[in-house]
Amino acid sequence: MMFSKKRLVVTAVLTAFIATGCALSSGSVSEESLGLRNTNLYTEDKTVGDKTDYSTAVAGKSKVYKRAFENAPPMISHDIEGMLPITASSNTCLACHDPEVAPSFEATAIPRSHLFDMRTETMLDTVSNTRYSCTQCHAPQSDNKPLVKNIFEPEFRTSDGDKQSNLLDNLNEGVQ
Ligand code: HEC
Ligand code: HEC
């Protein structure tokens, strides 16, 4: 069979492309390079999680964190060692965060939203059962380097929105 010169060149270039393409795909992706933990995905034998580094400052001596966004549940800034579990008969968190005692501990009082029964739309004397289990929504924060940089920037509509909440006041905003 006869090949024109042009055809030969095109065939050669195509062959080179296919050959290097195959070589690249067979050697460049390792198990360790997949995912963010950089260890083999089929075994956790050599996988060590980052150490958690929670605040050890006792309640009353910690520095509160800025809120992540408007009306975000604030992170717990102090040590909670010995305060859990929260049970039906014992809730240590309320011993300091109940509005009646919070000022004397200089603790942020639970907001009005936690004393409101959303079903009957009535204000209660005590914390609503739906807000009783504090650590369901509030958690301590570990000081670790994020694996992926967070570029989210909150926009607060009030000047103190990063340290105070007012969910009950604007819960129905936009609802007709
Ligand atoms: C001995 C009293 C005490 C107890 C018990 C306690 N707290 Fe606190 N908490 C405080 C004080 C005081 C602050 C304010 C920061 C400080 O001074 O350490 C605070 C801060 C917080 C904050 C941050 C508030 C803000 O405005 O950013 C959250 C959330 C919180 N506590 C949740 C909890 C939860 C949940 C529990 C139960 C697991 C709990 N606390 C138990 C006293 C207490
Ligand atoms: C269902 C989720 C949920 C539970 C359970 C819950 N919280 Fe909250 N908390 C929130 C959210 C969301 C906010 C911020 C918005 C708001 O409600 O005003 C908040 C706000 C707060 C604040 C800040 C108040 C302020 O004026 O800035 C404190 C303190 C707090 N909670 C403590 C507690 C404690 C103590 C408990 C347990 C008795 C508890 N929370 C249970 C979701 C929760």
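Note: the structure precedes this text.
Because the structure is a prediction, the values reported are computed rather than measured. (Residues numbered from 1 in each chain as written. Chains lettered and ligands numbered in written order. Predicted model: local features only at pLDDT ≥ 70, side-chain atom pairs only at ≥ 80, totals over all residues. Heavy atoms only, no water.)

Chemist: Looking at this model, I keep getting lost on the site of ligand 1. Mind explaining?
Modeler: Lining the immediate surroundings of ligand 1 are 24 residues, of which S62, H78, C93, C96 and H97 lie closest. K61 places a polar main-chain atom, nitrogen or oxygen, 3.4 Å from an oxygen atom of ligand 1. A distance of 2.7 Å is found between an oxygen atom of ligand 1 and a side-chain nitrogen or oxygen belonging to R67. Here the element with the most residues in the shell around ligand 1 is helix α2 (residues 92–97); it accounts for four residues. Looking at the shell around ligand 1, its residues break down into 13 nonpolar, eight polar and three charged. (Near = heavy atom within 4 Å. Polar contact = N/O pair within 3.5 Å; in protein donor to acceptor, adjacent residues only side chain to side chain. Helix = DSSP H or I, 4+ residues; strand = E, 2+ residues; numbered from the N terminus. Nonpolar A, V, L, I, M, F, W, Y, C, P; charged D, E, K, R; others polar.)

Chemist: What am I meant to see in the site of ligand 2 here?
Modeler: As a structural note, the neighbourhood of ligand 2 is formed by 26 residues, with S113, H114, C134, C137 and H138 the closest of them. Note that a nitrogen atom of ligand 2 is positioned 2.8 Å from one of the side-chain N or O atoms of H114. Backbone polar atom of L167 to an oxygen atom of ligand 2: 3.4 Å apart, as the coordinates give it. By residue number, the principal contributor to the shell around ligand 2 is α2, which donates three residues. Of the residues assigned to the shell around ligand 2, the class counts are twelve nonpolar, twelve polar and two charged.

Chemist: What is the right way to look at the coordination of the iron atom of ligand 1 in this model?
Modeler: For the iron atom of ligand 1, the protein coordination sphere consists of H78 (NE2) and H97 (NE2), at 2.0 Å. Each of the six donor atoms bound to the iron atom of ligand 1 contributes to angles spanning 87 to 179°, and the resulting shape is octahedral. Residue H78 is located in the loop between α1 (5–27) and α2, and its partner H97 is located in helix α2; the two are separated by 19 residues in the primary sequence. (Donors = N, O, S within 2.8 Å, 3.2 Å for Na, K, Ca; no water. Tetrahedral: all angles 85-135°; square planar, octahedral: opposite > 155°, others 65-115°.)

Chemist: Sorry, what's going on with the coordination of the iron atom of ligand 2 here?
Modeler: A four-donor tetrahedral metal ideally has 109.5 degree angles, and a six-donor octahedral metal ideally has angles of 90 or 180 degrees. Coordination sphere of the iron atom of ligand 2, protein contribution only: H114 (NE2) and H138 (NE2), at 2.0 to 2.1 Å. What the six donor atoms of the iron atom of ligand 2 show is an angle range of 87 to 178° at the metal, which sorts the shape as octahedral. A residue pair is termed long-range when its members are at least 10 positions apart, and H114 in the loop between α3 (102–105) and β1 (116–117) and H138 in the loop between β2 (122–123) and α4 (167–170) qualify at 24 residues. Exposure class is identical for H114 and H138. Each is buried. (Buried < 20%, exposed > 50% of the residue type's maximum accessible area, 1.4 Å probe, protein only.)

Chemist: Mind showing me how you'd approach unusual backbone geometry here?
Modeler: Excluding glycine, a negative phi dihedral is what most residues carry, and trans is how most peptide bonds are arranged. A cis geometry characterises the amide bond from L84 onward to P85, with omega recorded as 5°. By the secondary structure assignment, P85 is in the loop between α1 and α2. Phi is positive for N38, which is not a glycine, with a value near 55°. Summarising the element assignment, N38 is placed in the loop between α1 and α2. Residue N38 is classed as exposed on the basis of its relative accessible area, which comes to 51%. In this model, N71 sits at a positive phi of 60°, which is unusual for a non-glycine residue. The topology assignment puts N71 in the loop between α1 and α2. Using a relative accessible area of 18% as the deciding quantity, one classes N71 as buried.

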